[in-house]
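Chains, contacts and geometry: an overview
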Amino acid sequence: MKKALKTWLTVVLVIITGACFAQKIKSDEIPYFYNKPPAVAVDKNIKNFQVVLEAAYEAKNQQLMKNYEQEKRAAVDRYRKDLADYPVLVKAAEARYDKEMAEYNKKSLGTKIVETSLNGNGKPVKQLPNRPYMTEVPYPDLQSSYDYGALGSTYINLEGYQNNPTNALKIVVTLFGYDHTVPRNMDEQQESVSLGSGNNGVHKTTLYHTEFSYRHPMTVKVFAPDGKEQLSLTPPELNSYKIYKSDATTTPVRINTELLVKTSAEKVLQENLKFINTLLNDKYGFSKVKRTATLYYIKNNDAEYQDMTTAFNEASSGLIMLQQDAAGAKAKLDKACGLWNTALKEADPNNKKARINKDITLVIYFNLLEAYFAEGNVSDGQSTLDKMNNINLSMSDRRTKIGYDMLFSELKTRQQNNQ
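Here is what the cut-offs are and how they apply
Residues numbered from 1 in each chain as written. Predicted model: local features only at pLDDT ≥ 70, side-chain atom pairs only at ≥ 80, totals over all residues. Heavy atoms only, no water. Helix = DSSP H or I, 4+ residues; strand = E, 2+ residues; numbered from the N terminus. Buried < 20%, exposed > 50% of the residue type's maximum accessible area, 1.4 Å probe, protein only. Contact = heavy atoms within 4.5 Å. Areas by Shrake-Rupley, 256 points an atom, 1.4 Å probe, with all protein chains shown as cover. Lys, Arg positive; Asp, Glu negative; His and termini not counted. Charge placed at Lys NZ, Arg CZ, Asp CG, Glu CD. Axes fitted to C-alpha atoms, helices over the stretch in contact; angles between N-to-C directions. Parallel < 35°, antiparallel > 145°, perpendicular 65-115°, else oblique. Left-handed = near helix turned anticlockwise from the far one by under 90°. Nonpolar A, V, L, I, M, F, W, Y, C, P; charged D, E, K, R; others polar. Expected span 1.5 Å × (residues − 1). Bend = angle between axes of the 7 residues up to and from the residue. Salt bridge = Lys/Arg side-chain N within 4 Å of Asp/Glu carboxyl O. Phe/Tyr/Trp six-rings, centres within 6.5 Å; stacked < 30°, edge-to-face > 60°. Lys NZ or Arg CZ within 6 Å of the ring centre and 35° of its normal. pLDDT = per-residue confidence, 0-100. Pairing = 2+ DSSP bridges.

Moving on to the overall build of the protein. Along the protein, the regular secondary structure elements total 11 helices and 11 strands. Out of the 419 residues belonging to the protein, those deemed buried represent 32%. When contacts within the protein are restricted to residue pairs at least 6 apart in sequence, long-range pairs at least 24 apart make up 78% of them. Surface exposure of the protein reaches about 26400 Å², of which carbon and sulfur atoms provide 52%. Positive and negative side-chain charges in the protein, numbering 55 and 48 respectively, have mean positions lying 2 Å apart.

One can describe the packing of helix H8 (residues 326-344) onto helix H9 (residues 358-375) by two numbers: an axis separation of 10 Å at closest approach and a directional angle of 155 degrees. Comparing the axis directions of H8 and H9 gives the class roughly antiparallel. Crossing geometry of H8 relative to H9 is assigned as left-handed. Packed against H8, whose contacting residues are Lys330, Leu333, Asp334, Cys337, Trp340, Asn341, Ala343 and Leu344, the element H9 presents Thr361, Ile364, Tyr365, Asn367, Leu368, Ala371, Tyr372, Ala374 and Glu375 at the interface. For the contact of H8 with H9, the class distribution of residues is 11 nonpolar, three polar and three charged.

Our next topic: helix H2 (residues 58-105). The end-to-end C-alpha distance of H2, which contains 48 residues, comes to 67 Å, matching closely the 70 Å that a straight helix rising 1.5 Å per residue would cover. Along H2, the helix axis deviates most sharply at Tyr86, where the bend reaches about 35 degrees; the proline Pro87 sits within four residues downstream. Every buried residue of H2 is accounted for by Glu58, Asn61, Tyr68, Ala75, Tyr86, Val90, Ala93, Tyr97, Met101 and Tyr104.

Glancing now at the pattern of salt bridges. In this structure the tally under the stated criterion is 14 salt bridges. Of the charged contacts, one joins Asp282 and Lys36 as a salt bridge, the two residues approaching to 3.3 Å between their closest N and O atoms. Of the two residues, Asp282 sits in helix H6 (residues 257-284) while Lys36 sits in strand E1 (residues 25-36), which places them 246 residues apart along the sequence. Residue class for Asp282 comes out partly exposed when judged on its relative accessible area of 30%. Note that Arg414 is salt-bridged to Glu410, the shortest N-O span being 3.0 Å. Taken together, the residues span about one helical turn, with Arg414 and Glu410 both in helix H11 (residues 395-417) at a distance of four residues. Note on Arg414: relative accessible area 4%, which makes it buried. A single network of salt bridges, built from pairs that share partners, joins Lys36, Asp282, Glu410 and Arg414.

Attention now moves to the packing of aromatic side chains. Per the stated rule, a full pass over the model turns up 11 aromatic pairs. When the centroid spacing of 6.3 Å and the interplanar angle of 75 degrees are considered together, the rings of Tyr146 and Tyr148 count as edge-to-face. The exposure class assigned to Tyr146 is partly exposed, which follows from its relative accessible area of 24%. On the accessibility criterion, Tyr148 (15% relative accessible area) is buried. Residues Tyr178 and Tyr214 carry aromatic rings whose centres are separated by 6.3 Å and whose planes lie at 25 degrees to one another, so their mutual orientation is stacked. Of this pair, Tyr178 sits in the loop between strand E4 (168-175) and strand E5 (179-180) while Tyr214 sits in strand E7 (residues 201-215), and the two are 36 residues apart along the sequence. Given a relative accessible area of 8%, Tyr178 falls into the buried group. A relative accessible area of 14% means that Tyr214 is categorised as buried. Taken together, the aromatic side chains of Tyr32, Tyr34, Phe373 and Phe408 make up a single cluster linked through ring pairs. It is Lys288 that lies over the ring of Phe33; its NZ or CZ is 5.2 Å from the centre.

Most of the time, phi is negative for any residue but glycine, and the peptide bond is trans. Phi at Asn167 takes a positive value of approximately 45 degrees, unusual for a residue other than glycine. You can see Asn167 is positioned in the loop between strand E3 (162-163) and E4.

Residues with a pLDDT of 70 or more make up 90% of the protein, whose mean pLDDT is 89. Confidence over residues 1-23 falls short of pLDDT 50; this stretch has five contacts with residues more than four positions distant or in other chains.

Time to look at the sheet that holds strand E2 (residues 48-55). Ordered in space as E3-E2-E4-E8-E9, the five strands form an open sheet in which the pairing is mixed. The open sheet has two edge strands, E3 and strand E9 (229-233), and neither has a second partner. Judged from the four bridges that link them, strand E8 (residues 218-223) and E9 form a sheet pairing that is antiparallel. Residue pairing for E9: Val222 is matched across the bridge by Leu231. Contacting E2, E3 and E4, helix H4 (residues 148-155) crosses the sheet at an angle of about 130 degrees to E2.

Each full turn of the α-helix corresponds to 3.6 residues, which orients residues three or four apart in the same direction. With 15 residues, helix H7 (residues 306-320) should cover 21 Å at 1.5 Å per step; its first-to-last C-alpha distance of 21 Å lies within 8% of that length. In this structure, the buried residues of H7 make contact with E1, strand E11 (287-298), H8 and H9.

Bringing the side chain of Ser264 into the picture now. Here Ser264 lies in helix H6. Those residues in contact with Ser264 that lie beyond four places of it in its chain are Tyr178, Phe212 and Tyr214.

On the secondary structure map, Gly376 appears in the loop between H9 and helix H10 (378-388). Residues Gly376 and Lys412, spaced 36 residues apart in sequence, show a C-alpha to C-alpha distance of 8.8 Å. Every residue in contact with Gly376, bar those within four places of it in the chain, is listed here: Leu411 and Gln415.

The following block contains the structure:
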């Protein structure tokens, strides 16, 4: 009995010790912005960019308006001619009527009665021509026109460059116009279960929504200052139809097609230009990208992990001030990395009681990876990843490491392309 109690107490002590230790590792989310190099090589002498927005549909708009004006002029000419001819037609109709009445009056009463019985009405009827009217020419369905210069400068901004046409990368974005199907009401059956009040059972409800398909294709081209084409792309994301679907209601909704289409067209235009801006900055821009880092620290009441606390605080400050004070941020991150690397010298992953055991070794590695990535230090980042290959990782830690593998691989490629 005593032996069993002793064994049980030992197990409990081990569990409590493990739980207390596990509680030492804490983390915090640190939002910051880091600098992302271009994906493609850019001549370092190019400091400017220029945006040209073109609408391929403007030519069609102009042709439609030209046809519209021609049809209006033709309608006016026809109306004026018909109006001039109208008195002559009226006079001819009245003369015809007078002649028919004269002939009618010459007939005997019996003849008139017979003709009335056979024809329904033997007496002539005055038939004057309809008064001329202006034919209404419908206004053409035009694509929206914009101040394309203002539109381009609002939505396209190549980070790391000045918007200046001198020795600039020339960005040409072509809009092909908003394309859509006719909005229509759709209905669908939905089953619901009712309980209580004697109405238990499955009930069917008809729900209505408005639906249509739409797209606004665009192309983007980039030219070097010498006119050589660097990029020509029609993003498939902008060429494919998307589906608009309104919220469901229990009654059909009257569709305001004009307002619905106009609102959708404006929204899609803005979204597509933002998409192209992101695409261009990924390829050519020196982008400022937001990222949320997970930094780890050791919570302990004594001074055993004071170095880890200092490193966490320095790294947190360094990440946050990275954009405002690059030199000061680097000094803080370097200090944090120095403290972490010093701690790793005493790492003993096989000893759970060691100050720097396996769990703490891993979180130090992850902290180092985040700091190296923020600094753009691919060499030390890759060295840290290689060291982690010698540690048996949990599934969660393996996924986190793979994420850093991908980050540093992309960063390395981008840096090599811009050497």
